[in-house]
Amino acid sequence: MTASVPLPPEAQRYLEYVRVEKRLASRTHTLYTLDLARLAAMAQKADVPLLALQPAHIRRFVAQMHGAGRSSRGIALILSGWRGFFTWAARQGLVSSNPVQGVRGPKASKPLPKALGVDDAVRLADFHAAGADPWLEARDAAMVELLYGCGLRVGELVGLDRTPGADAAREGRGWIDLQAGEAHVLGKGGKRRSLPLGAAARQALGAWLPLRGSAGGPALFVGQRGTRLSAQSVW
C-alpha cells in the first residue's frame, strides 16, 4: 500500500536532507523512506494533505497500526521518524506545529515472570546439601515454602515480622500468625492481604523459629549478623 503512494516534494526534500546532512546509513535511510511513505498513504486515505495532518489524525493512525498487529516498539520507531520529519518541516516554515509531538504509542506489555515448573519447585523445596549449616538450611527452607506456598513476592517476604507486635503495626510490615495459620502482608499500593499457610510452610517455620532465636529485632528472616534480610540478599 505505501509503495504505491508517491512521496510529496516536501518529504523528498527531507529525505535528501537527512541523507546528506545527517549522513544516515543506507538501511536507516530506507526505513525513514518507508515510514514517510506509510504516513503519506494514511494521509491520502484520510483525504488530508500530509502537511495538514493534526494530532487527532496521528493518534488515529497509531490506533490503526496497533489494531493491525504492529508491535508497540515498532510503532514507537515509526512515530520517532514522523516526529523528525515534522520538526524539520516546522523549521522550514511549512507547518505551524508538530502534530506528532506529544503523541505516544501504546505501552509495551510487560511479560509475566516465568515461574518454576512443578518438578523444579519440588526439587528446590527438597534440596539438602550435605554438611550445610542447619541454621541456614532451616531459614532458606522456610523462605522457599513461603514464596511458593503462599505466592509471596520477595519484597513481601523480607518485610515479614515474627509476630504482629507494636513495631510491625507502626512500620506497616507484614507478620506471621502461626496459631491462625496465616501470613499477613503489605503488598503493592499499600494493600494488606492475608494468605493461608500450607502445612509445609507451617512445618518449615516451626523448624526455623526456634533456631532463629529472639535476637535481632522483629524480622522473621535475618542474616547471620542478625539484621533483616534485604530483597537482594534473598535473590
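Use the structure listed above.
Report on the accompanying structure. (Residues numbered from 1 in each chain as written. Predicted model: local features only at pLDDT ≥ 70, side-chain atom pairs only at ≥ 80, totals over all residues. Heavy atoms only, no water.)

### Considerations on the pattern of salt bridges
Here is step 1: One pass over the structure, following the stated rule, counts six salt bridges.
Here is step 2: Arg193 is the partner of Glu156 in a salt bridge, and the nearest nitrogen-oxygen pair spans 2.8 Å. On the criterion of sequence distance, the pair formed by Glu156 in helix H7 (residues 154-158) and Arg193 in strand E4 (residues 192-196) is long-range, its members being 37 residues apart.
Here is step 3: Under the relative-accessibility criterion, Arg193 is labelled partly exposed at 28%.
Here is step 4: A salt bridge links Arg228 to Asp161; the shortest N-O distance between them is 2.6 Å. With a gap of 67 residues between them, Arg228 in the loop between helix H9 (199-212) and helix H10 (231-234) and Asp161 in strand E1 (residues 160-161) connect regions that are remote in the sequence.
Here is step 5: Looking at Arg228, the relative accessible area reads 26%, which means it is partly exposed.
Here is step 6: Among the residues examined, Asp161 registers a relative accessible area of 0% and is labelled buried. (Salt bridge = Lys/Arg side-chain N within 4 Å of Asp/Glu carboxyl O. Helix = DSSP H or I, 4+ residues; strand = E, 2+ residues; numbered from the N terminus. Buried < 20%, exposed > 50% of the residue type's maximum accessible area, 1.4 Å probe, protein only.)

### Side note on the environment of Leu51
Here is step 1: As for its placement among the helices and strands, Leu51 is situated in the loop between helix H2 (26-45) and helix H3 (55-67).
Here is step 2: Among the residues examined, Leu51 registers a relative accessible area of 25% and is labelled partly exposed.

### Digging into the side chain of His29
Here is step 1: Within the secondary structure, His29 is located in helix H2.
Here is step 2: The buried category is assigned to His29, whose relative accessible area is 18%.
Here is step 3: The residues touching His29, leaving out its near neighbours within four places in the chain, are Leu15, Val18, Arg19 and Leu24. (Contact = heavy atoms within 4.5 Å.)

### Focus on the pairing of strand E2 (residues 174-177)
Here is step 1: Here E1 pairs with E2 via two bridges, running parallel. Each residue of the ladder has a partner; that of Leu160, found in E2, is Gly174.
Here is step 2: Sheet analysis places E2 next to strand E3 (residues 182-186), joined by three bridges and oriented antiparallel. Within E3, the residue paired with Asp177 across the bridge is Glu182.
Here is step 3: Counted between consecutive antiparallel strands, the loop separating E2 from E3 contains four residues, among which Gly181 sits at a positive phi close to 70°. (Pairing = 2+ DSSP bridges.)

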